[in-house]
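As a plain string of letters, each chain reads:
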Amino acid sequence: MCPHCGRDAPIVYRGIVPYCTACGRLRPPLSAPSINLTGKPQQVGGTLATAFGALVLLFGLAVALGAGMLLYALTTVAVALAVALPIALVALVMGIVLLRGGHILRKSAAIAQRATREQALLALAEQRGRITAGDASLALGLRVPEADALLTELAKLEPDRVSVEVDDRGLVWYRIAPMGEDRRVRVDEHEDVGGGVQEAANGSQDAVPGSPREFESDVAFEEREYRARVRK
């Protein structure tokens, strides 16, 4: 939790100095997950495990093949297979385990890194009201395409909370509603919701002003209006 803005935002290291990704002010080191460091140990471990697994496969199978050929030249086929097959089997099993472990470590690193970046983006947007990919890039120390891809993915995953706006200059803004705020819009009283107004026992009835109404997200509302215009 940032002592300045009060948000549960990760930190970003610029050099060795940690800053809050939401308000940009100084934070104590190691006080929160870091954009720069989250997932790095798993990523390094996964790379090493993958490299070592490939070496085990390469040298293990090479040793098994060499031993088998040498014993075949000096003895019988049975003796050569009895020696070479166990070596090859051990190398194969160890190599596959190491390669699999490296893949799992790299995948967990990517998941942790993505979750930390998304948390930072949400905190930053809540703090400022709305942001662009350039704002996110500067605050989080990411490249602009990376920041834009993360914001776009957030807008797709949470359309009820994240909205996308384009200003007159063509600049794309991402607005994120604070937790607990309802960003749903009211449906017009004379339009159907979800395919039609529910019919009562005595037939279709119009909505009564002031009665509880159905709600839908901004994205769904815009899509419904677009389809209504197309039908006209």
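If you're wondering where the values come from, they're calculated on a predicted model, not measured in any experiment.

(A) Summary view of the overall build of the protein chain. Counting secondary structure elements, the protein chain contains five helices and seven strands. Helices (α) and strands (β) of the protein chain occur, in sequence order from the N terminus, as β-β-α-α-β-α-α-β-β-β-β-α. Looking at the protein chain as a whole, 29% of its 232 residues are labelled buried. Carbon and sulfur atoms make up 62% of the accessible area of the protein chain, which totals about 14,600 Å².

(B) Looking closely at helix H3 (residues 133-140). Taken together, the buried positions of H3 are occupied by Ala 133, Ala 136, Ser 137, Ala 139 and Leu 140. On its buried side, H3 packs onto strand E1 (11-14), helix H2 (77-128), strand E3 (130-131) and helix H4 (144-157).

(C) Quick look at the environment of Val 56. Tracing the sequence through the fold places Val 56 in helix H1 (residues 40-74). Taking the C-alpha atoms as reference, Val 56 lies 9.5 Å from Val 93; in sequence the two are 37 residues apart.

(D) Local environment of the side chain of Arg 27. Turning to its location among the elements, Arg 27 is positioned in the loop between strand E2 (17-20) and H1. With no salt bridge to any partner, buried Arg 27 finds its closest opposite charge in Asp 8, at an N-O distance of 6.1 Å. From its side chain, Arg 27 meets the backbone oxygen of Ala 9 in a polar contact 3.2 Å long.

(E) Fine view of the pairing of E1. Sheet topology note: the E1/E2 ladder contains four bridges and is antiparallel. The residue bridging Arg 14 from the neighbouring strand is Val 17, located in E2.

(F) Looking closely at the confidence of the model for the protein chain. Overall, the prediction assigns the protein chain a mean pLDDT of 76, with 76% of residues at 70 or greater. Here strand E6 (residues 185-186) stands out as the least confident element of the protein chain, with mean pLDDT 37; H1 is the most confident, with 91. Every residue in residues 182-221 is under pLDDT 50, and counting partners more than four places away or in other chains gives 42 contacts.

(G) How the structure looks around the pattern of salt bridges. The final tally for this structure, using the stated rule, is five salt bridges. Note that Arg 7 and Glu 126 form a salt bridge whose closest N and O atoms lie 3.2 Å from each other. Taken together, the residues Arg 7 in the segment before E1 and Glu 126 in helix H2 connect sequence positions 119 residues apart. The exposure class of Glu 126 is buried, given its relative accessible area of 18%. Among the ionic pairs, Glu 118 bridges to Arg 114, the shortest N-O distance being 3.2 Å. With Glu 118 and Arg 114 both in helix H2 and four residues apart, this pair spans about one turn of that helix.

Conventions adopted
Residues numbered from 1 in each chain as written. Predicted model: local features only at pLDDT ≥ 70, side-chain atom pairs only at ≥ 80, totals over all residues. Heavy atoms only, no water. Helix = DSSP H or I, 4+ residues; strand = E, 2+ residues; numbered from the N terminus. Buried < 20%, exposed > 50% of the residue type's maximum accessible area, 1.4 Å probe, protein only. Areas by Shrake-Rupley, 256 points an atom, 1.4 Å probe, with all protein chains shown as cover. Contact = heavy atoms within 4.5 Å. Lys, Arg positive; Asp, Glu negative; His and termini not counted. Salt bridge = Lys/Arg side-chain N within 4 Å of Asp/Glu carboxyl O. Polar contact = N/O pair within 3.5 Å; in protein donor to acceptor, adjacent residues only side chain to side chain. Pairing = 2+ DSSP bridges. pLDDT = per-residue confidence, 0-100.

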